[in-house]
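# Coordinate analysis (summary)
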Amino acid sequence: PNLIPQIDAAVAATSNLPHYFWTGLLPPFRPRIDSVEVRARDAAMRLGGTTLEDTVANIAMPPWSQQDQDAQDTWTYASERFANASRGVAYVFRGEQVRPSNVFD
């Protein structure tokens, strides 16, 4: 991905914070509406941590699309860097329903 330097810098800047991870939906499983993302981001903000999405908020990340390989590669790279930079305690918000090809698992 062409955003590697920006992603690396953003992840390095938040490596000292608790990392919050999320994946999936809660019932009734409506895409975006029932995502656990909002819960994870809210908890991270309230408790002094960060999520991947908040870490890369100032980067022009491509929207996630299963039809766009560059978007998948960029988000996968960012996810791996964020996960590898985690130190100490990390938190996971996992919905009851997850996409079979999700980056998290």
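Small disclaimer: the values here were computed from a predicted structure and weren't measured. (Residues numbered from 1 in each chain as written. Predicted model: local features only at pLDDT ≥ 70, side-chain atom pairs only at ≥ 80, totals over all residues. Heavy atoms only, no water.)

## Things to note about the overall build of the protein chain
What counts, and what does not: Under the scheme used here, helices are H or I runs from DSSP no shorter than 4 residues and strands are E runs no shorter than 2 residues, and both carry numbers assigned from the N terminus. To get the radius of gyration, use the C-alpha atoms; to get the globule rule, take the number of residues to the power 0.38 and multiply by 2.2 Å. The buried label goes to any residue with under 20% of its type's maximum accessible area, the exposed label to any with over 50%, and the partly exposed label to all in between, with areas taken from a 1.4 Å probe on protein chains only. By definition in these notes, contact holds between two residues if any of their heavy atoms fall within 4.5 Å. Surface exposure here means Shrake-Rupley accessible area, sampled with a 1.4 Å probe, where a residue is shielded only by the protein chains that are shown.
Helix and strand content of the protein chain: 4 helices and 3 strands. What you see in the protein chain, going N to C, is helices and strands ordered as α-β-α-β-α-α-β. For the protein chain, the C-alpha radius of gyration of 13 Å lies close to 13 Å, the compact-globule estimate for 105 residues. Expressed along its principal axes, the backbone C-alpha trace of the protein chain runs to roughly 40 × 35 × 20 Å. Buried positions account for 38% of the 105 residues belonging to the protein chain. Excluding contacts between residues fewer than 6 apart, the proportion of contacts in the protein chain whose partners are at least 24 apart in sequence is 67%. With an accessible surface of roughly 6300 Å², the protein chain has 54% of that area assigned to carbon and sulfur atoms.

## Some points on the sheet that holds strand β1 (residues 19-23)
We count it as follows: Two strands pair under a simple rule: DSSP has to find at least two bridges between them. Lines fitted to C-alpha atoms define the axes here, with helix axes fitted over just the stretch in contact, and angles between the N-to-C directions of these axes take values from 0 to 180 degrees.
Reading across the sheet, the 3 strands line up as β2-β1-β3 and stay open at both edges, with parallel pairing between neighbours. The outermost strands of the open sheet, each flanked by one partner alone, are β2 (50-51) and β3 (90-94). With 2 bridges connecting them, β1 and β2 associate as parallel partners. The residue bridging H19 from the neighbouring strand is T50, located in β2. Sitting on the sheet, helix α2 (residues 37-47) is in contact with β1, β2 and β3, with an inclination near 170 degrees to β1. Helix α4 (residues 69-85) contacts β1 and β2 of the sheet and is inclined by roughly 135 degrees relative to β1.

## Some words on the pattern of salt bridges
Using the following cut-off: For this analysis, a salt bridge means a side-chain nitrogen from Lys or Arg found within 4 Å of a carboxyl oxygen belonging to Asp or Glu.
Here the structure, examined in full by the defined rule, presents 6 salt bridges. Salt-bridge contacts for R81 lead to D8; the nearest nitrogen and oxygen are separated by 2.9 Å. Note that R81 is positioned in helix α4 and D8 in helix α1 (residues 4-13), a separation of 73 residues in sequence. Accessibility expressed as a relative area gives 34% for R81, which makes it partly exposed. Residue classification places D8 among the partly exposed residues on the basis of a relative accessible area of 23%. Residues R41 and E37 are paired through a salt bridge, measuring 3.1 Å at the closest nitrogen-oxygen approach. On the criterion of helical spacing, the pair formed by R41 and E37 is a turn pair, its members being 4 residues apart in helix α2. Overall, R41 belongs to the partly exposed group, its relative accessible area being 27%.

## Focus: the nonpolar core
Rules: Take the buried residues of types Ala, Val, Leu, Ile, Met, Phe, Trp, Tyr and Cys, join any two whose side-chain atoms come within 4.5 Å, and each joined set is a nonpolar core.
Judged by nonpolar contacts, the single largest core of 14 residues is most densely connected at I7, L52, V56, I59 and M61. The set of elements that each furnish at least two residues to this core consists of α1 and α4. Among the elements that take part in this core, α4 stands out by supplying 5 residues, more than any other. Leaving out residues up to four positions away in the same chain, I7 has contacts with I59, M61, T74, Y77 and A78.

## Details of the environment of R39
Counting through the fold element by element, R39 comes out in helix α2. What makes R39 partly exposed here is its relative accessible area of 46%. Setting aside its immediate chain neighbours within four residues, R39 contacts L26 and F93.

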